[in-house]
Amino acid sequence: MNPGSTPAPDPGERSDAVTLADLPLREDLRGRTPYGAPQLEVAVRLNTNENPYPPPDALVADVADAVREVAVELHRYPDRDAVALRQDLADYLSVSTRVLVGERNVWAANGSNEILQQILQAFGGPGRTALGFEPSYSMHPIIAAGTRTDWLPAPRAADFSLDAHLAAGIVAERAPDIVFVTSPNNPTGGTIALDGLAALLHAAPGIVVVDEAYAEFSDEPSALALLEEFPAKLIVSRTMSKAFAFAGGRLGYLAAAPAVVDALALVRLPYHLSVLTQAAARAALRHADATLASVAKLAAERDRVAESLLGLGFTPVPSDANFILFGRFADAHRSWQSYVDQGVLIRDVGIEGHLRVSIGTPEENDAFLEASKEIPR
Ligand SMILES: Cc1ncc(COP(=O)(O)O)c(C=O)c1O
């Protein structure tokens, strides 16, 4: 056909007449909803627990240089095992947790969500179970579903705390292949102490994943301190998306026994971490001190926001992370919308009577607190 005479596309020829119902989708995925924190263009965005401080200029320059340097090799696949990056992450963990780990203890992927998915691919799957204490991070059951791992929800106390000894009893009784413990817990903010975690590890017949996405904001020691005692069970998952201010860079990692890393090599896609990601993450790690300097500021702001919420008559749940769950609202979704209408995006995490706010800059937090005065309860 003469390219000049191409007719305008007929809407009937496009493929958007096909709906999910027309596709041969797996039966167990029908009717499910995808993860979907709203990405709205509003002035104050406090809904995905990012670090509100942009990377310092020196970090931006270092990332740009590092990416330029590796760009000449873009025609080649990256180091499949990301050894240099894993060594840098191991060094960071060894210093920050005071538990000595090496490159063979560490594995990295595109965000800790991919880490969690690889764990479920290797240790979960059809005929296997994963248990989590709810409310907790919504992606744990979603990734379980994606890997056809049966999800076993277990409850937290009414105040959202986790009594580790009760939890250990549930784990012993239900004997899941994988247990998820999120500490500090998203969206409620509390941590679990090491002795409680040890009780849980004793009770668990299989893998225990301690999701420490927000560990840098907490004063509790890392679960890594228990690795020596539970090498065949414990996996500690971490991310550069929160305290490290690298959410857009997509870099998550874990620490565990080297055998766990060997197991994940069986399910990971080859060359999953691009040469650009590896170079950018290594550059960001070189500036860890500057980035992590924001942690103390954010923790202080968290305490100020919690105090102010109390003063306004709300009930904030005590948090060791960079967010606060607070209530009570007669209709949380209506109140969430009212925040949006005032230009403040926070999160309706589906917990009755509650909303979650991420800690932003002092100005953003002030805007949130100001809006809170006008919110229907
Ligand atoms: C508890 C927890 N784990 C893991 C993640 C995933 O983070 P990422 O994939 O950005 O590393 C999040 C993100 O919000 C989280 O809250």
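From a predicted model like this one, the values you see are computed outputs, not experimental measurements. (Residues numbered from 1 in each chain as written. Predicted model: local features only at pLDDT ≥ 70, side-chain atom pairs only at ≥ 80, totals over all residues. Heavy atoms only, no water.)

As for the packing of helix 1 (residues 57–71) against helix 8 (residues 275–286)
In contact at an axis separation of 8 Å, helix 1 and helix 8 are set at 145° when each is read in the N-to-C sense. The element helix 1 and its partner helix 8 pack so that their crossing is right-handed. Contacts between helix 1 and helix 8 involve Leu59, Asp62, Val63, Ala66, Val67 and Val70 from the former and Val275, Leu276, Ala279, Ala280, Ala283, Ala284 and Arg286 from the latter. Among the residues making up the contact of helix 1 with helix 8, the classes are represented as eleven nonpolar, no polar and two charged. (Axes fitted to C-alpha atoms, helices over the stretch in contact; angles between N-to-C directions. Helix = DSSP H or I, 4+ residues; strand = E, 2+ residues; numbered from the N terminus. Left-handed = near helix turned anticlockwise from the far one by under 90°. Contact = heavy atoms within 4.5 Å. Nonpolar A, V, L, I, M, F, W, Y, C, P; charged D, E, K, R; others polar.)

Side note on the confidence of the model for the chain
Here the chain averages 95 in pLDDT, and 97% of its residues register 70 or above. Below a pLDDT of 50 lies the segment residues 1–5, which in the model reaches two contacts outside its immediate sequence neighbourhood of four places, other chains included. (pLDDT = per-residue confidence, 0-100.)

Some details on unusual backbone geometry
Each neighbour pair has its own omega, and for Ser183 with Pro184 the value is -5°, a cis peptide bond. Between Asn186 and Pro187 the backbone carries a cis peptide bond, its omega angle lying at 15°. With respect to the helices and strands, Pro187 occurs in the loop between strand 5 (178–182) and helix 6 (194–203). Phi at Ala82 takes a positive value of approximately 45°, unusual for a residue other than glycine. Positionally, Ala82 belongs in the loop between helix 1 and helix 2 (83–97). The phi dihedral of Ala175 is positive, around 45°, even though this residue is not glycine. If you trace the backbone, Ala175 turns up in the loop between helix 5 (164–174) and strand 5. Note on Ala175: relative accessible area 41%, which makes it partly exposed. (Buried < 20%, exposed > 50% of the residue type's maximum accessible area, 1.4 Å probe, protein only.)

Quick word on the pattern of salt bridges
Following the criterion strictly, the structure yields twelve salt bridges and no others. Salt bridges here are not isolated pairs; linked through shared partners, they connect Glu212, Glu216 and Arg238. (Salt bridge = Lys/Arg side-chain N within 4 Å of Asp/Glu carboxyl O.)

A few points about the side chain of Asn365
Tracing the chain through its elements places Asn365 in helix 11 (residues 362–372). The class of Asn365 is buried, set by a relative accessible area of 1%. Separated by 2.8 Å, the side chain of Asn365 and the backbone nitrogen of Gly360 make a polar contact. For Asn365, the residues in contact, after removing those within four places along its chain, are Leu46, Glu301, Arg304, Val305, Ser358, Ile359 and Gly360. (Polar contact = N/O pair within 3.5 Å; in protein donor to acceptor, adjacent residues only side chain to side chain.)

Brief notes about helix 3 (residues 111–123)
The α-helix winds at 3.6 residues per turn, so residues separated by three or four positions along the chain end up facing the same way. Spanning 13 residues, helix 3 covers 19 Å between terminal C-alpha atoms, matching the ideal 18 Å at 1.5 Å per step. Buried within helix 3 we find Gly111, Ser112, Glu114, Ile115, Leu116, Gln118, Ile119, Leu120 and Phe123. Once helix 3 ends, the next one or two residues include Gly125, with phi positive near 105°. (Expected span 1.5 Å × (residues − 1).)

Focus on the sheet that holds strand 5
Ordered in space as 2-8-7-6-5-3-4, the seven strands form an open sheet in which the pairing is mixed. Edge positions in the open sheet fall to strand 2 (106–109) and strand 4 (150–155), since each of these has one partner strand only. Across the sheet, the mean angle separating the axes of adjacent strands is 25° when strand polarity is ignored. The pairing of strand 3 (residues 129–134) with strand 4 spans six bridges and is parallel. By the bridge assignment for strand 4, Glu134 is matched with Pro155. (Pairing = 2+ DSSP bridges.)

Side note on the site of the ligand
What surrounds the ligand is a group of 13 residues, the closest being Ser112, Asp211, Tyr214, Thr239 and Ser241. Taking Ser112, its main chain carries an N or O atom lying 2.6 Å from an oxygen atom of the ligand. Residue Ser241 places a side-chain N or O atom 2.6 Å away from an oxygen atom belonging to the ligand. Considering the ligand on its own, with 400 Å² of exposed area, one finds that the protein chains cover 93% of that surface. At three residues, the largest contribution of residues to the shell around the ligand is made by helix 3. For the shell around the ligand, the residue count by class is three nonpolar, seven polar and three charged. (Near = heavy atom within 4 Å. Areas by Shrake-Rupley, 256 points an atom, 1.4 Å probe, with all protein chains shown as cover.)

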